[in-house]
Every structure is written in structure tokens, then in C-alpha cells.
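What follows is the residue order along each chain.
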Amino acid sequence: MKQNLTDAGPDPVDARLGARLAELRAEHGWSLGELAERSGVSRSTLSRAERAEISPTAAVLNRLCNVYGRTMSRLLSEVEAEPAPLLRAAEQPVWEDRASGFVRRSVSPPHPGLRGELVEGRLAPGADLAYDRPPVPGLEQHIWVLEGALEVTAQDVGHRLDAGDCLRLRVGGPTRFRCAGPREARYVLAVVLP
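Since the model is a prediction, treat every value here as computed from it, not as a measurement. (Residues numbered from 1 in each chain as written. Predicted model: local features only at pLDDT ≥ 70, side-chain atom pairs only at ≥ 80, totals over all residues. Heavy atoms only, no water.)

Q: I tried to follow the overall build of the protein on my own but got confused; where do I start?
A: In terms of regular secondary structure, the protein is built from 5 helices and 10 strands. Relative to the compact-globule value of 16 Å for 194 residues, the protein shows a C-alpha radius of gyration of 16 Å, a close match. A burial count over the protein gives 45% of its 194 residues as buried. For the protein, restricting intrachain contacts to residue pairs at least 6 apart in sequence, the fraction spanning at least 24 positions comes to 64%. As presented, the protein carries roughly 9800 Å² of accessible surface, and 51% of it is formed by carbon and sulfur atoms. (Helix = DSSP H or I, 4+ residues; strand = E, 2+ residues; numbered from the N terminus. Rg over C-alpha atoms; globule rule 2.2 N^0.38 Å. Buried < 20%, exposed > 50% of the residue type's maximum accessible area, 1.4 Å probe, protein only. Contact = heavy atoms within 4.5 Å. Areas by Shrake-Rupley, 256 points an atom, 1.4 Å probe, with all protein chains shown as cover.)

Q: Just checking my understanding: could you explain the side chain of Glu-140 for this structure?
A: The residue Glu-140 is located in strand β5 (residues 139-147) in this model. Setting aside chain neighbours within four positions, we find Glu-140 in contact with Arg-168, Leu-169, Arg-170, Ala-190, Val-191 and Val-192.

Q: Is there a simple way to think about the packing of aromatic side chains in this case?
A: The description of two aromatic rings rests on the distance between their centres and on the angle between their planes. Summed over the entire model, instances satisfying the criterion amount to 4 aromatic pairs. When the ring of Tyr-131 is compared with that of Phe-177, the centres are 6.4 Å apart and the planes differ by 80°; the resulting orientation is edge-to-face. Of this pair, Tyr-131 sits in strand β4 (residues 128-131) while Phe-177 sits in strand β9 (residues 175-179); the two residues are 46 residues apart in sequence, bridging distant segments of the chain. Each member of the pair, Tyr-131 as well as Phe-177, is classed as buried. Exposure remark for Phe-177: the relative accessible area of 4% places this residue in the buried category. Of the aromatic side chains, those joined through ring pairs into one cluster are Tyr-131, Phe-177 and Tyr-187. (Phe/Tyr/Trp six-rings, centres within 6.5 Å; stacked < 30°, edge-to-face > 60°.)

Q: Please explain the sheet that holds β9 as it appears in this structure.
A: Whenever strands of a sheet pair, they do so through backbone hydrogen bonds, lying parallel or antiparallel. Reading across the sheet, the 4 strands line up as β4-β9-β6-β7 and stay open at both edges, with antiparallel pairing between neighbours. Each end of this open sheet is capped by a strand with a single partner; those strands are β4 and β7 (157-162). This sheet shows a mean twist of 15° between the axes of neighbouring strands, independent of strand direction. Pairing analysis gives 5 bridges linking strand β6 (residues 149-154) to β9, with the strands arranged antiparallel. In the sheet register, Val-152 faces β9, and the bridge partner there is Phe-177. (Pairing = 2+ DSSP bridges. Axes fitted to C-alpha atoms, helices over the stretch in contact; angles between N-to-C directions.)

Q: Just checking my understanding: could you explain helix α1 (residues 12-28) for this structure?
A: The periodicity of an α-helix, 3.6 residues per turn, causes residues three or four places apart in sequence to face the same way. Taking 1.5 Å per residue as the helical rise, α1 with its 17 residues ought to reach 24 Å, and the 25 Å between its terminal C-alpha atoms agrees with that figure. Where α1 is buried, its residues meet α2 (32-39), α3 (43-50), α4 (58-68) and α5 (72-77). Within two residues after α1, Gly-29 carries a phi angle of roughly 70°, on the positive side. (Expected span 1.5 Å × (residues − 1).)

Q: Help me understand unusual backbone geometry in this model?
A: Negative phi characterises most residues that are not glycine, and trans characterises most peptide bonds. Phi at Ala-52 takes a positive value of approximately 60°, unusual for a residue other than glycine. Turning to its location among the elements, Ala-52 is positioned in the loop between α3 and α4. On the basis of relative accessibility, which here comes to 6%, the residue Ala-52 falls in the buried class. One non-glycine residue with positive phi stands out, namely Gln-155, at about 50°.

Q: Whenever I open this one, the packing of α2 against α4 confuses me. Can you help?
A: Two packed helices can be described by the angle between their axes and the distance between those axes. Axis separation between α2 and α4 bottoms out at 9 Å; the angle between their running directions is 100°. Classified by the interaxial angle, the pair formed by α2 and α4 is roughly perpendicular. Contacts between α2 and α4 involve Leu-35, Arg-38 and Ser-39 from the first element and Arg-63, Leu-64, Val-67 and Tyr-68 from the second. (Parallel < 35°, antiparallel > 145°, perpendicular 65-115°, else oblique.)

Q: Looking at this model, I keep getting lost on the pairing of β4. Mind explaining?
A: For a regular strand, side chains alternate in direction, first toward one face of the sheet and then toward the other. What you see with β4 is a clean split: Leu-129 and Tyr-131 sit on the buried side and Asp-128 and Ala-130 on the side with no burial. One ladder, built from 4 bridges, connects β4 with β9; its direction is antiparallel. Bridge assignment links Leu-129 to a residue of β9, and that residue is Phe-177.

These figures come from the coordinates and say nothing about function on their own.
Dropping the structure here:
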């Protein structure tokens, strides 16, 4: 999803995501103001995201996932085509947060009935991605660094991970992912719902 408004209109994935966000808000019976209070995201940002005038950042999507009780992968899978048991590399959805230098590839075939999923994350040199809360409290994460170096902070404890290192944690509060080296950090994130 790119922040790219051309003469052709918004990015199709952004348009589907905006529509799904509006559906979720309607399903809960919340006004934009109520959702803004619950999520800590401004009313104008919510409105613009629902109309696909902007592509929400990872931090904004994380806050909305927290309110709606879903992982980011689940939310993004809800705007994709019907899930299949096999997802070829060329078909794996890629989402980019240009503001933070974060690229996210949904590796696992999405399925709403399963609790685990795999995600490939890439952070550009110097990129720093902070979440103020987990999308789902008690979420289990396994972070396996494939290339580069990654600093992960969770529960006020920092961990430096180099290529080959793996960190397992249960997310209950703020987390931070930072590219800790001069080149891109590439990692696998295994996510398991509680």
C-alpha cells in the first residue's frame, strides 16, 4: 500500500482496506469520534484512511488492530482474495510503510480459523518502528533475523539480534523494532494468537 494518489485514484489495496476499516467501525456501531477515542488515532486520519485518501502507517493500523482484536496480518488478509492453502512467493501480499522504512510480506496463506502466521519484515538502515500496544494482548512472537541486525525492545528490555538469532516473547505492551546496522535488517516474524 502506497501513499500514492494518481489520476487513476487510490491504490486498490488501500481502497479495499479503507472499505474494510469502515465496515469494522460500522459493525461495532461506533462513530469516527468514538473510534478516535478508543484508538488514539485522530478523527481526520481515520476518516481519510476509510476513504482511501491516505495509506495508514503501521502504527495507525496497529492501534486499529488493537481496538478490533485482530493481528495486522488478519486485517490485511480480509482485504485480499479468498485464502488458499498454498501461497506462492510471487503472490504473497507486500505492504510498505514508507514513513518508517518498513516493508512487510505476508508469507503464510491467510486463514481466519488458524492462530499462527509467518511474516517477513524488512527495515531499512536507520529505520525505527514503534508500537504503543500489541494488536492483540498476549500475542506470542518469534523473531528470527535472516540478514543484518535488529534491535527489539519489549517490556522495557532491549535485545540485539544478529543474523541467525531468534527471540521469543509474549507481547503485552509497547514494542520497538530498529534496524541496528548499516544495511537492511530482514527477519521472519512468527505470530501466534493467544
